[in-house]
Amino acid sequence: MDVAELKDLIDRLGEDPSRWPDDRRLAAERLLQESAAARALLAQARAVREALSAPPVRAPAGLADRIVAAAMRAETAKTTTKTEPADDRAPSEPATPHG
(Lines give C-alpha, C1' and ligand atoms only; values in the text may rest on other atoms or scores of the structure.)
Protein backbone atom coordinates (compact mmCIF):
# COMPACT_ATOMS: atom_id res chain seq x y z
CA MET A 1 0.00 0.00 0.00
CA ASP A 2 1.15 3.53 -0.73
CA VAL A 3 -0.06 6.93 0.48
CA ALA A 4 -2.44 7.35 -2.48
CA GLU A 5 -4.11 4.02 -1.65
CA LEU A 6 -4.35 5.01 2.00
CA LYS A 7 -6.00 8.29 0.98
CA ASP A 8 -8.51 6.36 -1.11
CA LEU A 9 -9.21 4.01 1.80
CA ILE A 10 -9.75 6.95 4.17
CA ASP A 11 -11.93 8.77 1.62
CA ARG A 12 -14.15 5.73 1.14
CA LEU A 13 -14.31 4.27 4.67
CA GLY A 14 -13.21 7.02 7.03
CA GLU A 15 -10.19 7.42 9.25
CA ASP A 16 -11.16 4.73 11.78
CA PRO A 17 -9.01 1.65 11.02
CA SER A 18 -11.59 -0.65 12.63
CA ARG A 19 -13.87 0.11 9.66
CA TRP A 20 -11.28 -0.97 7.11
CA PRO A 21 -11.21 -4.54 5.70
CA ASP A 22 -8.67 -6.69 7.54
CA ASP A 23 -6.26 -7.10 4.60
CA ARG A 24 -6.30 -3.36 3.84
CA ARG A 25 -6.02 -2.43 7.52
CA LEU A 26 -2.88 -4.53 8.01
CA ALA A 27 -1.23 -2.98 4.94
CA ALA A 28 -2.31 0.50 6.09
CA GLU A 29 -0.93 -0.06 9.59
CA ARG A 30 2.44 -1.10 8.12
CA LEU A 31 2.46 2.02 5.94
CA LEU A 32 1.54 4.22 8.91
CA GLN A 33 4.50 2.84 10.88
CA GLU A 34 6.89 3.60 8.01
CA SER A 35 5.59 6.84 6.48
CA ALA A 36 5.34 10.28 8.03
CA ALA A 37 3.22 11.36 5.04
CA ALA A 38 0.75 8.56 5.77
CA ARG A 39 0.56 9.54 9.43
CA ALA A 40 0.00 13.17 8.47
CA LEU A 41 -2.79 12.13 6.09
CA LEU A 42 -4.52 10.13 8.82
CA ALA A 43 -4.11 12.98 11.33
CA GLN A 44 -5.60 15.43 8.85
CA ALA A 45 -8.59 13.14 8.23
CA ARG A 46 -9.17 12.85 11.97
CA ALA A 47 -8.96 16.63 12.39
CA VAL A 48 -11.53 17.14 9.63
CA ARG A 49 -13.91 14.62 11.24
CA GLU A 50 -13.54 16.28 14.63
CA ALA A 51 -14.17 19.72 13.13
CA LEU A 52 -17.26 18.50 11.31
CA SER A 53 -18.64 16.73 14.37
CA ALA A 54 -18.18 19.71 16.70
CA PRO A 55 -21.34 21.50 17.71
CA PRO A 56 -22.17 24.47 15.51
CA VAL A 57 -21.21 27.93 16.66
CA ARG A 58 -24.30 29.95 17.42
CA ALA A 59 -24.63 33.69 17.71
CA PRO A 60 -25.91 35.02 21.04
CA ALA A 61 -29.67 35.43 21.28
CA GLY A 62 -30.85 38.73 19.86
CA LEU A 63 -27.60 39.54 18.06
CA ALA A 64 -29.26 40.06 14.67
CA ASP A 65 -31.87 42.35 16.24
CA ARG A 66 -29.14 44.41 17.94
CA ILE A 67 -27.23 44.75 14.66
CA VAL A 68 -30.33 45.91 12.79
CA ALA A 69 -31.22 48.37 15.56
CA ALA A 70 -27.68 49.79 15.57
CA ALA A 71 -27.74 50.16 11.78
CA MET A 72 -31.08 51.97 11.94
CA ARG A 73 -29.77 54.32 14.65
CA ALA A 74 -26.67 55.03 12.56
CA GLU A 75 -28.80 55.77 9.48
CA THR A 76 -31.12 58.02 11.50
CA ALA A 77 -28.16 59.89 12.97
CA LYS A 78 -26.67 60.33 9.51
CA THR A 79 -29.87 61.78 8.03
CA THR A 80 -30.60 64.10 10.98
CA THR A 81 -27.11 65.64 10.91
CA LYS A 82 -27.64 66.98 7.40
CA THR A 83 -28.57 70.65 7.81
CA GLU A 84 -29.31 71.60 4.21
CA PRO A 85 -30.64 69.61 1.29
CA ALA A 86 -28.23 69.03 -1.55
CA ASP A 87 -28.21 71.83 -4.12
CA ASP A 88 -27.81 70.40 -7.62
CA ARG A 89 -27.74 73.80 -9.35
CA ALA A 90 -24.63 74.96 -11.09
CA PRO A 91 -22.84 77.73 -9.16
CA SER A 92 -23.87 80.46 -11.69
CA GLU A 93 -27.58 79.54 -11.82
CA PRO A 94 -29.86 81.84 -9.87
CA ALA A 95 -32.35 80.35 -7.50
CA THR A 96 -35.86 80.27 -8.94
CA PRO A 97 -39.02 80.21 -6.86
CA HIS A 98 -41.04 77.01 -7.06
CA GLY A 99 -44.62 77.45 -7.92
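Since we're looking at a predicted model, the values are computed, not measured. (Residues numbered from 1 in each chain as written. Predicted model: local features only at pLDDT ≥ 70, side-chain atom pairs only at ≥ 80, totals over all residues. Heavy atoms only, no water.)

### With respect to the overall build of the protein
Moving on, step 1. Scanning the protein for helices and strands turns up four helices and zero strands.
Moving on, step 2. Walking the protein from its N terminus toward its C terminus, one meets helices and strands in the order α-α-α-α.
Moving on, step 3. If you take every contact in the protein between residues at least 6 apart in sequence, the share linking residues at least 24 apart comes to 47%. (Helix = DSSP H or I, 4+ residues; strand = E, 2+ residues; numbered from the N terminus. Contact = heavy atoms within 4.5 Å.)

### Some thoughts on the packing of helix α1 (residues 3-13) against helix α3 (residues 36-53)
Moving on, step 1. Relative orientation of the contacting elements α1 and α3 amounts to 15°, with a least axis distance of 10 Å. Taken together, the axes of α1 and α3 are roughly parallel relative to one another. The two elements α1 and α3 meet at a crossing, and its hand is right-handed. Listed contacts from α3 to V3, L6, K7 and I10 of α1 are A37, A38, L41, L42 and A45.
Moving on, step 2. Taken together, the residues of the contact of α1 with α3 break down into eight nonpolar, no polar and one charged. (Axes fitted to C-alpha atoms, helices over the stretch in contact; angles between N-to-C directions. Parallel < 35°, antiparallel > 145°, perpendicular 65-115°, else oblique. Left-handed = near helix turned anticlockwise from the far one by under 90°. Nonpolar A, V, L, I, M, F, W, Y, C, P; charged D, E, K, R; others polar.)

### Comments concerning the nonpolar core
Moving on, step 1. One finds L6, L9, I10, W20, A28, L31, L32, A38, L41, L42 and A45 forming the largest nonpolar core, which totals 11 residues.
Moving on, step 2. Here this core takes four residues from α3, the largest share from any one element.
Moving on, step 3. When residues no more than four places from it in sequence are discounted, the contact partners of L9 are M1, G14, W20, P21, R24 and A28. (Core = buried A, V, L, I, M, F, W, Y, C linked by side-chain atoms within 4.5 Å. Buried < 20%, exposed > 50% of the residue type's maximum accessible area, 1.4 Å probe, protein only.)

### Some thoughts on the side chain of S35
Moving on, step 1. With respect to the element layout, S35 can be found in the loop between α2 (22-34) and α3.
Moving on, step 2. A distance of 3.3 Å separates the side chain of S35 from the backbone nitrogen of A37, its partner in a polar contact.
Moving on, step 3. Separated by 3.0 Å, the side chain of S35 and the backbone nitrogen of A38 make a polar contact. (Polar contact = N/O pair within 3.5 Å; in protein donor to acceptor, adjacent residues only side chain to side chain.)

### Notes on the pattern of salt bridges
Moving on, step 1. Counted according to the given criterion, the structure contains four salt bridges.
Moving on, step 2. D11 serves as the salt-bridge partner of K7, at 2.9 Å between the closest nitrogen and oxygen. In this pair, K7 and D11 both sit in helix α1, four residues apart, roughly one turn of the helix.
Moving on, step 3. We note a salt bridge from R49 to E15, for which the minimum N-O separation is 2.2 Å. One end of the pair, R49, is in helix α3; the other, E15, is in the loop between α1 and α2, with 34 residues separating them in the sequence.
Moving on, step 4. Residue R49 is classed as partly exposed on the basis of its relative accessible area of 39%.
Moving on, step 5. According to the relative accessible area criterion, E15 is buried, its value standing at 11%. (Salt bridge = Lys/Arg side-chain N within 4 Å of Asp/Glu carboxyl O.)

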